[in-house]
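Tertiary structure, described
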Number of protein chains: 2
Amino acid sequence: MSDPNPAAGRAYTHVKTRILSGDLAGGTLVSEVQVGMELGLSRTPVHEAFLRLDAERLLTLSSRKGAVITPISPREARNVLEMREAVEATAARRMVEDGSTDKTLPALASVLERQRVHAAEGDVDRFVAADEEFHSLVIDGSGNDIAAQFYAQLRDRQQRLRHLLLRLRPGDLAGACGDHEHLADALAKSDADEYARVLHAHMARYEGAL
Amino acid sequence: MSDPNPAAGRAYTHVKTRILSGDLAGGTLVSEVQVGMELGLSRTPVHEAFLRLDAERLLTLSSRKGAVITPISPREARNVLEMREAVEATAARRMVEDGSTDKTLPALASVLERQRVHAAEGDVDRFVAADEEFHSLVIDGSGNDIAAQFYAQLRDRQQRLRHLLLRLRPGDLAGACGDHEHLADALAKSDADEYARVLHAHMARYEGAL
DNA sequence: GGGCACCCGCTTGCATGCAAGGATGCGCGC
DNA sequence: GCGCGCATCCTTGCATGCAAGCGGGTGCCC
């Protein structure tokens, strides 16, 4: 996903990073030549990058006018969290149905352990990385490729929200760890409904924070 | 979505149609020049089309070898149906929470009526179109853009499955209509849980058919 | 006969040229 | 002063040229 072609991949990563970090604000008009100059590339690979980003709804190409960075709608946070919840609850349910939780539980425990350390140290960046890893493990464990594809996009959008809006308060970190512990427990008990309930509360915590 | 640029859009639609209809089987190697010749275009717009289709996972670009049509995995049907169920149940739940079912119910009733006619006439193609319209109305009614985006992709993938595998038996049409009636009723009663239950059964019906 | 190297044709990646479409701002007419 | 039209600059859409990577087939050598 990160090096399909040297030039096009570089352009893609460059622009995407700037969008997700909030460096390029919504509504900004960017041109292919401009980005190309910055990276020493011609328009072609930049155009490719723009097409991919357009498919991800991170910008909108309008013919012969340029590309405008998609503004974040007020409903974006709710939309993202709702979809994350839907996808992940379904993934957990499938793992329970298939009896394949055993393959994922050890990895979850390992991530959770690291996450607790980062929470204690107040290392928010690593904490967030571990948080994402935890949820991704569940998605991947389900074996549903489409869920994984969707989840990757949702992760991007949430990253963009995180940079735009406030950072998590350190006090929330411990609570999130507790949530994850409950989630892992629910999986260990093969209780998909409880997983869904706890996940819903977990998302509500984030929604409150945004 | 269907005419971003004249040439690139034509190439995109052309190739996508052939993939979804099963005309281009999984594993087939297609080249840009080949498609360009067929449509009287140069490689550039065809390349654009390929990039978009790659983003939708309908084909895979491998550098300097060509584009291979993504084969349908044996798990594809289950993956698609699971995600459809997750997304649509969430959409219905939001409509209930927001009390916005009233805006959608009349349209649902209208589609349902048409669908019954098509079922009675055994017009499978129109029936399927109405079926898709019904579900899309629910998704759109939720106002979750991301859900709509995901659902559109799922619809494409399901269309591909439908063409690859057996057609629906006419006997199923009436049953599907009954399901839709139940779904609309659940929405009218603002019972999101019942909607989810009926939807699950509805999807199981399709999964059995594949 | 078997194995290896090379060459050729295929493919795309990227740069560039040309032309068309849209927005802006200036100047003219009123 | 106000409004309209035009010219210009900006943007991208698409075609094409060139080079590089990959695979298949052939021919050589052993």
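What counts as what
Residues numbered from 1 in each chain as written. Chains lettered and ligands numbered in written order. Predicted model: local features only at pLDDT ≥ 70, side-chain atom pairs only at ≥ 80, totals over all residues. Heavy atoms only, no water. Helix = DSSP H or I, 4+ residues; strand = E, 2+ residues; numbered from the N terminus. Contact = heavy atoms within 4.5 Å. Near = heavy atom within 4 Å. Polar contact = N/O pair within 3.5 Å; in protein donor to acceptor, adjacent residues only side chain to side chain. Nonpolar A, V, L, I, M, F, W, Y, C, P; charged D, E, K, R; others polar. UniProt positions renumbered as here; feature names shortened; annotations may be inferred. Buried area = accessible area lost by both parts, 1.4 Å probe. Salt bridge = Lys/Arg side-chain N within 4 Å of Asp/Glu carboxyl O. Pairing = 2+ DSSP bridges. Buried < 20%, exposed > 50% of the residue type's maximum accessible area, 1.4 Å probe, protein only. Least-squares fit on C-alpha atoms with pLDDT ≥ 70 in both. Domains from an automatic or database assignment.

1. Considerations on the overall build of chain A
Within chain A, the secondary structure is distributed over 9 helices and 3 strands. Ordering the α and β elements of chain A from the N terminus gives α-β-α-α-β-β-α-α-α-α-α-α. Seen through its principal axes, chain A has C-alpha atoms that stretch 55 × 35 × 30 Å. Sequence-distant contacts, at least 24 apart, represent 72% of the contacts inside chain A between residues at least 6 apart.

2. Some thoughts on the protein's contact with DNA strand C
Taken together, 21 residues lie around DNA strand C, and A7, S42 and T44 of chain A together with E32 and H47 of chain B are the ones closest in. The separation between a base oxygen of DNA strand C and a polar side-chain atom of R43 of chain B is 3.1 Å. With respect to DNA strand C, the side chain of R64 of chain B contributes an N or O atom lying 3.2 Å from a sugar or linking oxygen. When residues of the surface near DNA strand C are traced back to their parent elements, those giving at least two are α1 (6-20) and α3 (43-55) of chain A together with α2 (32-39) and α3 (43-55) of chain B. Its residues placed into classes, the surface near DNA strand C shows 7 nonpolar, 7 polar and 7 charged.

3. Here's the deal with the UniProt feature "domain: HTH gntR-type" (unreviewed entry) in chain A
Per the UniProt entry, the sites bearing "domain: HTH gntR-type" (unreviewed entry) are residues 5-72 of chain A in this numbering. End C-alpha to end C-alpha, residues 5-72 of chain A measures 29 Å, and it is 53% helix and 15% strand.

4. Details of the interface of chain A and chain B
With 31 residues of chain A in contact, the opposing surface of chain B contributes 31 residues. Interface area, chain A with chain B, both sides summed: about 2,900 Å², of which 54% is carbon and sulfur. One can count 6 salt bridges joining chain A with chain B. Across the pair R78 of chain B and E97 of chain A runs a salt bridge whose closest N-O atoms are separated by 3.6 Å. Counting the contacts that link chain A with chain B gives 15 residue pairs in polar contact (both at pLDDT 80 or more). If you list the elements that add at least two residues to the side of chain A that touches chain B, you get α3, α4 (76-98) and α7 (145-164) of chain A. The leading source of residues in the side of chain A that touches chain B is α4 of chain A, at 12 residues. Looking at side-chain class alone, the side of chain A that touches chain B contains 11 nonpolar, 9 polar and 11 charged residues.

5. Looking at the pairing of strand β2 (residues 59-62) of chain B
Put simply, side chains in a regular strand alternate between the two faces of the sheet. Residue and element names in this part refer to chain B. Here β2 pairs with strand β3 (residues 66-69) via 4 bridges, running antiparallel. Bridge pairing links L61 to A67 in β3. Connecting β2 to the next strand, β3, in antiparallel fashion are 3 residues, including R64 with a positive phi near 60 degrees.

6. Digging into the sheet that holds strand β2 (residues 59-62) of chain A
A sheet is described by the order of its strands in space; here 3 strands give the open sequence β1-β3-β2 (chain A), paired in antiparallel fashion. Of all the strands in the sheet, the pair left with one neighbour each is β1 (29-30) and β2 of chain A.

7. A short note on the environment of Q149 of chain B
With respect to the helices and strands, Q149 of chain B occurs in helix α7 (residues 145-164). Counting along the chain gives 11 residues from Q149 of chain B to V138 of chain B, while the straight-line C-alpha distance between them is 13 Å. Those residues within four positions of Q149 of chain B in sequence are excluded, and the remaining contacts are A55, R57, Q153 and R157 of chain A.

8. Structural notes on the protein's contact with DNA strand D
Neighbouring residues of DNA strand D: 20 residues in total, closest E32 and H47 of chain A together with A7, S42 and T44 of chain B. A share of 65% of the atoms of DNA strand D within 4 Å of the protein falls on sugar and phosphate groups. A distance of 3.2 Å is found between a sugar or linking oxygen of DNA strand D and a side-chain nitrogen or oxygen belonging to R64 of chain A. Within the side chain of R64 of chain B, an N or O atom sits 3.4 Å from a base nitrogen of DNA strand D. Secondary structure elements with two or more residues in the surface near DNA strand D: α3 of chain A together with α1 (6-20) and α3 of chain B.

9. A closer look at the side chain of S136 of chain A
All names here are of chain A. As for its placement among the helices and strands, S136 is situated in helix α6 (residues 124-142). Judged by its relative accessible area of 12%, S136 falls in the buried class. With residues near it in sequence (within four places) discarded, S136 still touches Y151 and R155.

10. A word on the relation of the copies chain A and chain B
Taken as rigid bodies, chain A and chain B are interconverted by a rotation of 180 degrees and an axial shift of 0.0 Å, the fit giving an RMSD of 0.0 Å. Between the two chains, the operation in question is that of a two-fold axis. When C-alpha positions in chain A are compared against the rotation axis, the closest is assigned to A86 of chain A, at 2.7 Å. Looking at chain A, 100% of its interface residues are interface residues in chain B too, so the copies touch through the same face.

11. Details of the domain arrangement of chain A
Residues and elements named next belong to chain A. Partitioning chain A into domains gives domain 1 (6-69) and domain 2 (76-209). Each of domain 1 and domain 2 was reduced to a C-alpha centroid, and the two centroids are 30 Å apart. Facing the 8 residues of domain 1 at the interface are 6 residues of domain 2. Counting the surface domain 1 buries against domain 2, the share from its top three residues, L20, E56 and L58, is 57%. Across the domain 1-domain 2 interface, the total number found is 1 salt bridge. Between K16 and D156 there is a salt bridge, with the nearest N and O atoms lying 2.7 Å from each other. Viewed at the interface, domain 2 and domain 1 are joined by 2 residue pairs in polar contact (both at pLDDT 80 or more). When its residues are assigned to classes, the side of domain 1 that touches domain 2 shows 3 nonpolar, 2 polar and 3 charged.

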